[in-house]
Amino acid sequence: MGVAALLVFAPLALYVWAGDASAPPGAAYEPARDAAVSGCRIDPASRRLLAEVEVTSRAPAPGSYVLTVEFRQEPPVGTVQALVRLEGVEPGATVRGEAVGPVWPAGVAPWCGVAGARFTGAG
């Protein structure tokens, strides 16, 4: 019974310890919440899908964002991803960038979204 109690309560204790309220303020920062797609369009000349992205930084310090932008067809045929790097972003600032996607088939509605974001503090 002691082993069973240990198997049940050890993971709970680890979870509580890992979520300790005394953790540094920046530990729970989620950069993906700062990023969004503000536009998704097909370039008429190249037929490539273009995603306009923007970041409104809630980071505790200046730094750089790397966004993973996803381009998807409905019904799902597959997914293509592109990276966008936004450098020198100050806390509270809004910056914009553009991701270039694949050549898009005619008659298919475009879809663009942020699949992930990573923040690296300056210095």
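Residues numbered from 1 in each chain as written. Predicted model: local features only at pLDDT ≥ 70, side-chain atom pairs only at ≥ 80, totals over all residues. Heavy atoms only, no water.

1. Observations regarding the overall build of the protein
Logical step 1: A tally of regular secondary structure across the protein gives 1 helix and 6 strands.
Logical step 2: Reading the protein from its N end, one meets helices and strands in the order α-β-β-β-β-β-β.
Logical step 3: Relative to its 123 residues, the protein shows a buried fraction of 28%.
Logical step 4: A separation threshold of at least 6 residues defines the contact pool for the protein, and within that pool the share at least 24 residues apart is 62%.
Logical step 5: About 7,800 Å² of surface is accessible on the protein, with carbon and sulfur atoms providing 61% of the total. (Helix = DSSP H or I, 4+ residues; strand = E, 2+ residues; numbered from the N terminus. Buried < 20%, exposed > 50% of the residue type's maximum accessible area, 1.4 Å probe, protein only. Contact = heavy atoms within 4.5 Å. Areas by Shrake-Rupley, 256 points an atom, 1.4 Å probe, with all protein chains shown as cover.)

2. Overview of unusual backbone geometry
Logical step 1: A positive phi is found at Arg47, a non-glycine position, where the angle reads about 65°.
Logical step 2: By secondary structure assignment, the location of Arg47 is in the loop between β1 (35-42) and β2 (48-56).

3. Notes on the confidence of the model for the protein
Regions with low pLDDT carry predicted coordinates that are not meant to be interpreted in detail.
Logical step 1: Taken over all residues, the pLDDT of the protein has a mean of 81, while the share at 70 or more is 74%.
Logical step 2: Long-range and interchain partners of residues 1-23, a stretch whose pLDDT sits below 50, account for 2 contacts in this model, where long-range means more than four residues apart. (pLDDT = per-residue confidence, 0-100.)

4. A word on the packing of aromatic side chains
Logical step 1: Throughout the structure, instances matching the rule amount to 2 aromatic pairs.
Logical step 2: Measuring from centroid to centroid gives 5.6 Å for Tyr29 and Phe119, while their planes differ by 80°, and the two rings are edge-to-face. With Tyr29 in the loop between α1 (2-18) and β1 and Phe119 in strand β6 (residues 112-121), this residue pair connects regions lying 90 residues apart in the sequence.
Logical step 3: Above the ring of Trp111, the side-chain terminus of Arg72 is found at 3.9 Å from the ring centroid. (Phe/Tyr/Trp six-rings, centres within 6.5 Å; stacked < 30°, edge-to-face > 60°. Lys NZ or Arg CZ within 6 Å of the ring centre and 35° of its normal.)

5. Comments concerning the pattern of salt bridges
Logical step 1: In this structure the tally under the stated criterion is 6 salt bridges.
Logical step 2: The residue Glu52 makes a salt bridge to Arg41 at a minimum N-O spacing of 3.1 Å. Residue Glu52 is found in strand β2, and its partner Arg41 is found in strand β1; the two are separated by 11 residues along the sequence.
Logical step 3: Judged by relative accessible area, Arg41 falls into the partly exposed class, the value being 37%.
Logical step 4: In this structure, the salt-bridge partner of Glu87 is Arg85, at a minimum N-O distance of 2.7 Å.
Logical step 5: For Glu87, a relative accessible area of 56% puts it in the exposed group. (Salt bridge = Lys/Arg side-chain N within 4 Å of Asp/Glu carboxyl O.)

6. Brief notes about the sheet that holds strand β3 (residues 63-72)
Logical step 1: Strand order in the open sheet formed by 3 strands is β4-β3-β6, with antiparallel pairing between adjacent strands. With partners counted over all chains shown, the strands left at the sheet margins are β4 (79-89) and β6, one partner each. Ignoring strand direction, the axes of neighbouring strands in this sheet form an average angle of 20°.
Logical step 2: Taken together, the 9 bridges between β3 and β4 define a ladder with antiparallel strand orientation. Along β4, the bridge assignment pairs Val66 with Arg85. (Pairing = 2+ DSSP bridges. Axes fitted to C-alpha atoms, helices over the stretch in contact; angles between N-to-C directions.)

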